[in-house]
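Chain by chain, the residues:
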Amino acid sequence: MEELFWVLLIGAAVLWTAVIGAAVYAQKRQVDPSLERQARWFIIWGGAVIPTLLVGGLLAWGMVILRDITSDTGDLTVRVDGERWWWRVTYEGPEGDVVTANEIRIPVGQTALFRLTADDVIHSFWVPALGGKMDMIPGRETTLALTPQEVGNWGGLCAEFCGGAHALMRFDAIVMEPGDFEAWLAAEAAPAQVSEDDPGFAVFQEEGCGACHAVRGTDAAGPVGPDLTHVAAREKLGAGVYEMTPQNMALWITETHEMKPDIDMPPYPDLDGARLDALVAFLMSLDHAE
Ligand code: HEC
Ligand SMILES: [Cu+2]
């Protein structure tokens, strides 16, 4: 992708210089009728044949690159569903699907095939540093193949205006060593370790959070909001927006719409004191097992 960008940019600069140069030359030059035949050949070659070959060649080459990034095979498949205003992420594997949200992790040097859909309106999945961007369209599946070459957290975002909290619809795109990635995926696949008498889980149940959120390993299985099974293992809270800290978690619950306007989660301003502390402690315990 980067190569395509530079070749097209430098090619355009060279062509522009040549065309403007020819125009300036034509202005300056005295008309000499004996050169008319020569001029006709120049128009045919310089104005039609060479540009057609050049642009046609570039088009063919660009299409080959496009075919590579929209190919439908990869070393692993990640389904990403655009929601208002967060990302439902599903790793497809031989041992079944692993559902998570708002963070994408892929191994370095391997081709990750993203299968993209949208639940409500058009979104666009974009990881600028990896060069990939693809629309997510309700009722249709688009694909994007990315082969990252460098370990790091590259960050991604929604690149298609999708309403209220569009500007806060981001995610971390974390490229890992293959071994680390395998360990992460295995930890992500495991159910949450929740003890029966966790007072924070009791608050979670009483407040009805489980109607919208799933915590695998418990009977909370709500499909409306992000899967929270390992929410504390994510680097950020609220679709790539806030650092994952207990303070932000508490604000997320009590001042939900100050943290992220318009979202489909109701605020819980009356939760405070020991009940809020217990709920936050419970959510922050939804990390990966050691
Ligand atoms: C009506 C459905 C609904 C209810 C009830 C609800 N939530 Fe949410 N929640 C959502 C939605 C939707 C989002 C995603 C919002 C966004 O980022 O756009 C969300 C996001 C979250 C997140 C951030 C997840 C992430 O990946 O960063 C947390 C944490 C959370 N909710 C906790 C709770 C807790 C705790 C309760 C109960 C006190 C609760 N929610 C009740 C719908 C709900
Ligand atoms: Cu969007």
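Procedures and definitions
- Residues numbered from 1 in each chain as written.
- Chains lettered and ligands numbered in written order.
- Predicted model: local features only at pLDDT ≥ 70, side-chain atom pairs only at ≥ 80, totals over all residues.
- Heavy atoms only, no water.
- Helix = DSSP H or I, 4+ residues; strand = E, 2+ residues; numbered from the N terminus.
- Polar contact = N/O pair within 3.5 Å; in protein donor to acceptor, adjacent residues only side chain to side chain.
- Contact = heavy atoms within 4.5 Å.
- 1 Å grid on protein atoms, 1.4 Å probe; cavity = no way out; pocket = protein on both sides within 12 Å on 5 of 7 lines; lining within 4 Å.
- Points joined across faces, edges and corners; volume = space filled by probe spheres on them.
- Nonpolar A, V, L, I, M, F, W, Y, C, P; charged D, E, K, R; others polar.
- Domains from an automatic or database assignment.
- Near = heavy atom within 4 Å.
- Sits in = over half its atoms within 2 Å of the grid points.

Novice: Could you give an account of the side chain of Asn102, with specific residues and numbers?
Specialist: Position of Asn102 among the secondary structure elements: in the loop between β3 (98-101) and β4 (103-107). One polar contact links the side chain of Asn102 to the main-chain amide nitrogen of Trp87, over a distance of 2.9 Å. Excluding residues that lie within four positions of it along the chain, Asn102 makes contacts with Trp86, Trp87, Val89, Phe171, Asp172, Pro226, Arg234, Ala239 and Gly240.

Novice: Now, about the layout of surface pockets: what can you tell me, with residues and values included?
Specialist: Taken as a whole, the largest pocket encloses approximately 650 Å³ of empty space. Residue assignment for the lining of the largest pocket shows that the elements contributing at least two residues are β12 (236-237), α5 (246-254) and α7 (273-284). Class assignment of the residues belonging to the lining of the largest pocket gives a composition of 20 nonpolar, 5 polar and 9 charged. Two domains each put at least three residues into the lining of the largest pocket: domain 2 (76-184) and domain 3 (199-284). Of the pockets and cavities examined, the second largest pocket occupies roughly 360 Å³. Those elements that place two or more of their residues in the lining of the second largest pocket are α1 (2-28) and α2 (36-69).

Novice: How would you explain the site of ligand 1 if you had to name every residue and give the values?
Specialist: In the region of ligand 1, 22 residues are neighbours, and Cys209, Cys212, His213, Gly238 and Met265 sit closest. At 2.8 Å, a side-chain N or O of His213 approaches a nitrogen atom of ligand 1. The pocket occupied by ligand 1, as judged from atoms lying within 2 Å of grid points, is the largest pocket. Residues of the shell around ligand 1, tallied by class, amount to 15 nonpolar, 4 polar and 3 charged.

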